[in-house]
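Chain by chain, the residues:
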Amino acid sequence: MTDWIDIGTLADIPQRGARTVQIGGGKEIAVFRTGDDHVFALVNECPHKKGPLSQGIVHGHSVACPLHNWNIALKTGEAQGEDTGCTPTIAVKQEDGRILIARPQMAQAAA
Ligand code: FES
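The structure presented is a predicted model; accordingly, all values stated were derived computationally and were not measured. (Residues numbered from 1 in each chain as written. Predicted model: local features only at pLDDT ≥ 70, side-chain atom pairs only at ≥ 80, totals over all residues. Heavy atoms only, no water.)

Enquirer: What's the story with the overall build of the protein in this structure? I'm lost.
Expert: Each helix and strand counted, the protein has 1 helix and 10 strands in total. Reading the secondary structure of the protein in the N-to-C direction produces β-β-β-β-β-β-β-β-β-β-α. Seen through its principal axes, the protein has C-alpha atoms that stretch 35 × 30 × 20 Å. When burial is assessed residue by residue, the protein has 41% of its 111 residues classed as buried. Summarising the internal contacts of the protein: among those between residues at least 6 apart in sequence, 42% fall at separations of at least 24. When the accessible surface of the protein is split by element, carbon and sulfur atoms take 47% of a total near 6000 Å². The positive charge centre, built from 10 side chains, and the negative charge centre, built from 12, are 3 Å apart in the protein. (Helix = DSSP H or I, 4+ residues; strand = E, 2+ residues; numbered from the N terminus. Buried < 20%, exposed > 50% of the residue type's maximum accessible area, 1.4 Å probe, protein only. Contact = heavy atoms within 4.5 Å. Areas by Shrake-Rupley, 256 points an atom, 1.4 Å probe, with all protein chains shown as cover. Lys, Arg positive; Asp, Glu negative; His and termini not counted. Charge placed at Lys NZ, Arg CZ, Asp CG, Glu CD.)

Here it is in structure tokens:
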């Protein structure tokens, strides 16, 4: 069964931006809010050289990595275009105005 963690409200995430959360023992998670208020969560590491995706520019449902400008699809974590690589995604949902993310397996193992 999925263990959901409440990380705040939509208003806590800048539109076309991200905030980061630390979940016990796991990697830093970047939670993105798009211009149309969809929310996605990814490990905060670019598949290229681990750039901090949370500091990238969100456009549509993608983020441009701040280091070398790879475009990463927020839904799948996959690099777009000619670049290849994939960042792990984390399930996220909105419920009663709150943002909930699934506790990553790696954090469960460390707990
Ligand atoms: S580290 Fe993200 S594009 Fe190079």
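Now that the structure has been shown, we can carry on.
Enquirer: Hey, could you run me through the pattern of salt bridges in this one?
Expert: It is possible for side chains bearing opposite charge to pair when their charged atoms get close. Going through the model one piece at a time under the given rule, you end up with 5 salt bridges. Between lysine 27 and glutamate 45 there is a salt bridge, with the nearest N and O atoms lying 3.5 Å from each other. Residue lysine 27 is found in the loop between strand E2 (17-22) and strand E3 (28-33), and its partner glutamate 45 is found in the loop between strand E4 (39-43) and strand E5 (57-59); the two are separated by 18 residues along the sequence. Accessibility expressed as a relative area gives 24% for glutamate 45, which makes it partly exposed. (Salt bridge = Lys/Arg side-chain N within 4 Å of Asp/Glu carboxyl O.)

Enquirer: Is there a simple way to explain the nonpolar core in this structure?
Expert: In globular proteins that are soluble, nonpolar side chains generally tend to be buried together. If you look at the biggest cluster of nonpolar residues, it comprises 15 residues, and the most contacted ones within it are Ile7, Val21, Ile29, Val31, Ile90, Ile99 and Ile101. Mapped onto this core, the elements with two or more residues apiece are strand E1 (4-9), E3, E4 and strand E10 (98-102). With sequence-adjacent residues up to four places away left out, isoleucine 7 is seen in contact with Asp12, Arg19, Val21, Val31, Ile99 and Ile101. (Core = buried A, V, L, I, M, F, W, Y, C linked by side-chain atoms within 4.5 Å.)

Enquirer: What's the story with the sheet that holds strand E7 (residues 71-73) in this structure? I'm lost.
Expert: What links the strands of a sheet is backbone hydrogen bonding, and the strands pair in either a parallel or an antiparallel sense. Here we have 3 strands laid out as an open sheet, ordered E5-E6-E7, and antiparallel in their pairing. This sheet does not close on itself; its edge strands, each paired only once, are E5 and E7. Taking the axes of each pair of neighbouring strands and ignoring which way they run, one obtains an average angle of 30° across the sheet. (Pairing = 2+ DSSP bridges. Axes fitted to C-alpha atoms, helices over the stretch in contact; angles between N-to-C directions.)

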